[in-house]
Every structure is written in C-alpha cells, then in structure tokens.
Amino acid sequence: MKRVIIIRYAELFLKGKNRGFFEGKFESNLQKSLKGISYKFVKQSGRYLIEDFAEEETEEVLDRLKKVFGVHTISVAYETDSDLDSIFEAAKLLLKPSGTFKVESHRGNKKYPMTSVEISRELGGMILDYTKGKLSVDVHNPSFTVRVDIRDFGRALVFGDFIEGANGMPVGTAGKGLLLLSGGIDSPVAGHMMAKRGMVVECLHFHSYPYTNMQAKEKVVELANILSQYTGVKRLYSIKVTDVQEAIHEHCKSPYMITLLRRFMYRLAERHAKKIGAQCLITGESLGQVASQTIEGVTSSNSVVETLPVLRPLIGFDKNEIIDRSVKIGSYDTSILPYEDCCTVFLPDFPVTRPKIEDVLKEESKLDMEGLLATAMDSLEVIDIE
C-alpha cells in the first residue's frame, strides 16, 4: 500500500480526434507545475497519479496542482491490492473517531468478481464491525465518505475527499494573448480567465517613471508572479509612456487625457503583440466601471487596433464579482496596495466619458504620433518572473 495523488481532468474528455494534443499539453503543464519536487508521474485511463513523493510535501504538491488549468478534481488516496482485506486496511486510515459514513465504490475493472454495490456493502460491514458502534451508516448525509476505485492490474484506489481543481482547458491549447496588466484588481482576473480557456497569456505593463515609483513597478511584478502560477509564463514586458503623457498634457485638452493615452497604449500593445506572436489583446475593462470604459470609450480604443481582436472577459461583470475572483486567485491583496499606476498621472478633473471620434482625432493631430510611439517602443523592458 502506498500514498498517491489522483488527478482527474475537466473538459478533455469532450475532445475527439484532437484529444491527444490536449492531453499532451495537460501532462506537460502538470509536470512543469511540480518542478523541483521529486515524484513519479503515472498515466491511467481517464486520470493521472502522482506517486513516490515525500509525505511532508503533500500540501505543496496539492497547492501547485490546484492551479493547473484542466484539473477537475484531486484526491489524496491509498493505492493497494484489490482484494477486500487490503482495501479495508487502506479504508481504516480514512476513518474518523465518530459520526456517520457511507462507502461508494466504482469498478474500472469490470472483471472484478464483486459488483460496486457488493463492494460497498461488504466494506461497510467490515468498518462497522471494526469501529464497534462508534460509527454508523448514513447513505444520504454522512459525516464522511470512503471511496473505492477498482483499477486494472489487481490494484485499487481508496480515498475520501474530492478537492476542486482549476478546471478549464490546458494552457497552450488556445493560442497566445497579450494582457495589458495594470496594478489594479481587474486585469489579473481577466488574464486568469483567458488562461483558464487554454490561452498562453503574456503580460505588458505601462509605467510613468518617475511620476510612478519603484514600488508601483514591484507591485505589478508581484501580480505577474501570481498569474504565472496559473499560466507558467516567466516574463513581464514593460513600456514607459511618460513622454506620451507629457505630450498629451502639454498639447491637448485635459478631458481627453485618458482617452488619448489609452489609444496610445492599444497601438503600442498591438505592435508588441505582433513581435511576440500574440494573436489578441486582453484587457480588464468592465462596461461603465470608469469614465474610459463607456461604450464610446471602448469604441475609441478599439478603433486604433488594426488587425488583432481585443478580448474583454470582464465586460459584463460588476465590481463585486471581479473582487470575488481576485480573492480566489490570490491577487486581491496585492492589487489594493496603494501605489499609483500610469493612468493616475495628469488625471483630469472631468474626463470625457462619451468621446466623439472626430474630436479625438482632432486632439491627436496635435501630437507627433509616430515619434512618440517609437520612443515608447524603444523603452521596452523584459522582466524575468520567478
């Protein structure tokens, strides 16, 4: 008998002839997530096992596996011989001192001499005899459940709980996107959601040093680090837009500051996306949340992106929904640290909320567009993520 971790996948079973491609990505992502840990990786029909790991590293293994997209559920189990006495010895390790229980059995090996119902009945009886009245059976609302999975090759898996995984599709099965990562709550959640659908998510941050300080930069690096636990991406790209903001502030009407800056950001993001082979831009915009995220503001930003789609997975979410997801993925506490991002620099008192494209173009005509874009692109920095 040995301790193992069972990994069950989510939507991969829906795939037909391409299933091998999805499984290959999934297996690779699982193994990457456990880098630095000694273990054995075993593939079984419809699931995977992690074996031969140090017991003191169990929680670390579980924590890493829970962040791998494609994982549906995980269980810590005992693998043993499939005879009833061996299964009972494993089941004893799962018993609680008191309360109610039930036994659920599944036969992956249909040649096993007992049916699932018979296994559950016999094992339940053995547990009752062993506990001498300390436990009782409740098949409807038990305190805990003993689960038995009869496998091929004379082996069985005995376990208790299902631990919820990240679900979704394996990262690397749905192309590559470039996330505009700010220091706020929304954009990390947007990146997480697209990675959950299998997209490789690279991150681009815009900064306004020296108007924004190094702590603001460190905050974004930490957010990228948190995201990398789900996406596996190890780089953060950063572009300085200080010159752009100063030019807008000097030559253009103040209410258009944010609108014009965002249009510059989208142009820069598209140029960089093409360089790294990204197929779309990703933003954390939610309709009507701030002045620049009205439908007119979104239309203005979109109009400068020439060839790539702009994905906005949060567009219909309210703030509380976004916060809940931020807390769940572990980015919220970092996102609310009180350091400015570039959008707070030269912030107008009354930003335009429904910009007309002809007015926006009139303001942009006052700027050296290509010169500012070139200067900003020259400032590109690549930051390694732990």
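Residues numbered from 1 in each chain as written. Predicted model: local features only at pLDDT ≥ 70, side-chain atom pairs only at ≥ 80, totals over all residues. Heavy atoms only, no water.

1. Focus on the nonpolar core
One broad rule of soluble globular proteins: the nonpolar side chains tend to lie buried together.
Here is step 1 of the chain: Counting 36 residues, the largest nonpolar core has L178, F206, I239, I248, F264, L268 and L281 as its most contacted members.
Here is step 2 of the chain: Elements supplying a minimum of two residues to this core: β10 (176-180), β11 (200-207), β12 (235-240), α7 (242-251), α8 (257-276) and α13 (369-378).
Here is step 3 of the chain: No other element matches the 10 residues that α8 contributes to this core.
Here is step 4 of the chain: Counting residues in hydrophobic clusters, the runner-up holds 26 residues, among them A166, V171, M193 and I329. (Core = buried A, V, L, I, M, F, W, Y, C linked by side-chain atoms within 4.5 Å. Buried < 20%, exposed > 50% of the residue type's maximum accessible area, 1.4 Å probe, protein only. Helix = DSSP H or I, 4+ residues; strand = E, 2+ residues; numbered from the N terminus.)

2. Focus on the side chain of N225
Here is step 1 of the chain: Its place among the elements puts N225 in helix α6 (residues 214-231).
Here is step 2 of the chain: On the basis of relative accessible area, N225 is assigned to the buried category, the value being 16%.

3. A few points about the packing of aromatic side chains
Here is step 1 of the chain: With the rule as written, the count across this model stands at 9 aromatic pairs.
Here is step 2 of the chain: A ring pair is formed by F41 and Y48, whose centres lie 5.3 Å apart and whose planes are at 20°; its orientation type is stacked.
Here is step 3 of the chain: Residues F88 and Y130 carry aromatic rings whose centres are separated by 5.7 Å and whose planes lie at 85° to one another, so their mutual orientation is edge-to-face. Separated by 42 residues along the polypeptide, F88 in helix α3 (residues 84-92) and Y130 in helix α4 (residues 116-131) bring together distant segments of the chain.
Here is step 4 of the chain: Taking relative accessible area as the criterion, F88 reaches 10% and is therefore assigned buried.
Here is step 5 of the chain: Overall, Y130 belongs to the partly exposed group, its relative accessible area being 45%.
Here is step 6 of the chain: Of note, R8 hangs over the ring of F159, and the distance from its end group to the ring centre comes to 5.0 Å.
Here is step 7 of the chain: A cation sits over an aromatic face here: R267 above F264, 5.9 Å from the ring centre. (Phe/Tyr/Trp six-rings, centres within 6.5 Å; stacked < 30°, edge-to-face > 60°. Lys NZ or Arg CZ within 6 Å of the ring centre and 35° of its normal.)

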